[in-house]
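Given next are the chains, with one letter for each unit.
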Amino acid sequence: MSLTLPANFKRDIQPRDTNLVPIVIIGNFNDNAINWLNSSLHISTNQMSYYGDQLGTGNTYYTLPLLNNIPSLKESIDIENRKYKISSINLSISNFEYEGQRFSDRIDSSLLNTECRIYWWSPTTTWLHVIDKDTTITDPEIAFQVYFGSIRKYEHDDEKVKLTVEDRSQESLHKDLPGPEDNVGVGLDVPDKYKNKPIP
């Protein structure tokens with residue numbers, strides 16, 4: 001996923017003092033942004049509202065102010081040993097009752113392998129868009145989607161819920177090499193002993 005800053009967000013982070021709020025959306029995207037937002041959990045450090053489309057004609061969504069920490073992201077590649085460390089984040093969510101319900105009680109089924117997207121919301125942002133599914137939207141008022149992953153670990157007690165989220169690169173980076181397209185071929189310019197052999 002390319003990290004292109006929306007115009008309004010880019011302008012909002014230029015001053016020395018910024019007012020950014022993380023929004024975590026937990027739920028599998030189903031090719032319809034409104035249905036996805038309706039069936040997802042919306043969590044943040046603050047209680048806030050936003051629209052589900054750029055025109056503001058869709059539903060209004062509210063975040064649960066239960067996020068205990070602002071997620072931080074770290075990624076590394078060990079070139080010497082040829083190892084790629086999958087970037088992951090740890091989310092800490094309050095499990096105390098909010099509006100008569102604990103966070104763990106709001107979950108209908110297992111959260112394992114559920115998609116998780118993290119956005120940064122700035123003062124002139126008005127709506128969310130799933131950038132990892134559709135990169136054609138360039139509206140300056142969308143929130144900045146900074147992360148997309150799957151929940152790999154979920155544990156909770158009566159005070160706190162801990163989620164470990166890994167990015168989806170492992171699914172797209174895994175490839176058996178050499179593949180059939182990596183052969184030198186059988187052309188007239190290829191010596192017989194190298195025909196259909198892997199490219200060195």
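Residues numbered from 1 in each chain as written. Predicted model: local features only at pLDDT ≥ 70, side-chain atom pairs only at ≥ 80, totals over all residues. Heavy atoms only, no water.

1. Quick word on the overall build of the chain
Here is step 1: Counting secondary structure elements, the chain contains three helices and nine strands.
Here is step 2: Taken over 200 residues, the chain has a buried fraction of 36%.
Here is step 3: By sequence separation, contacts in the chain at least 24 residues apart represent 56% of the contacts at least 6 residues apart.
Here is step 4: Carbon and sulfur atoms make up 48% of the accessible area of the chain, which totals about 12,500 Å². (Helix = DSSP H or I, 4+ residues; strand = E, 2+ residues; numbered from the N terminus. Buried < 20%, exposed > 50% of the residue type's maximum accessible area, 1.4 Å probe, protein only. Contact = heavy atoms within 4.5 Å. Areas by Shrake-Rupley, 256 points an atom, 1.4 Å probe, with all protein chains shown as cover.)

2. Details of a nonpolar patch on the surface
Here is step 1: On the surface, Val184, Tyr194 and Ile199 cluster together into a nonpolar patch covering about 280 Å² of accessible area.
Here is step 2: With respect to the secondary-structure elements, Ile199 resides in the segment after α3 (169–173). (Patch = residues over 30% accessible without salt bridge, like charges linked within 9 Å, V, L, I, M, F, W, Y side chains within 5 Å. Salt bridge = Lys/Arg side-chain N within 4 Å of Asp/Glu carboxyl O.)

3. Regarding the confidence of the model for the chain
Here is step 1: The pLDDT averaged across the chain works out to 82; a share of 83% of its residues lies at or above 70.
Here is step 2: Confidence, expressed as mean pLDDT per element, reaches its minimum in the chain at α3 with 54 and its maximum at strand β2 (residues 41–44) with 94. (pLDDT = per-residue confidence, 0-100.)

4. With respect to the pairing of β2
As a general feature of sheets, a regular strand has side chains that alternate between the two faces.
Here is step 1: Side chains Leu41 and Ile43 of β2 all project onto a buried face; the interleaved residues His42 and Ser44 project onto the opposite face, where all are buried too.
Here is step 2: The pairing of strand β1 (residues 21–26) with β2 spans four bridges and is classified as antiparallel. Along β2, the bridge assignment pairs Ile23 with Ser44. (Pairing = 2+ DSSP bridges.)

5. Quick word on the packing of aromatic side chains
Here is step 1: Across all of its chains, the model carries four aromatic pairs by this definition.
Here is step 2: A ring pair is formed by Tyr50 and Tyr61, whose centres lie 6.3 Å apart and whose planes are at 35°; its orientation type is tilted. Taken together, the residues Tyr50 in strand β3 (residues 49–51) and Tyr61 in strand β4 (residues 60–62) connect sequence positions 11 residues apart. Taken as a pair, Tyr50 and Tyr61 share a single burial class, namely buried.
Here is step 3: Clustering of aromatic rings is evident, with ring pairs tying together Tyr50, Tyr61 and Trp121. (Phe/Tyr/Trp six-rings, centres within 6.5 Å; stacked < 30°, edge-to-face > 60°.)

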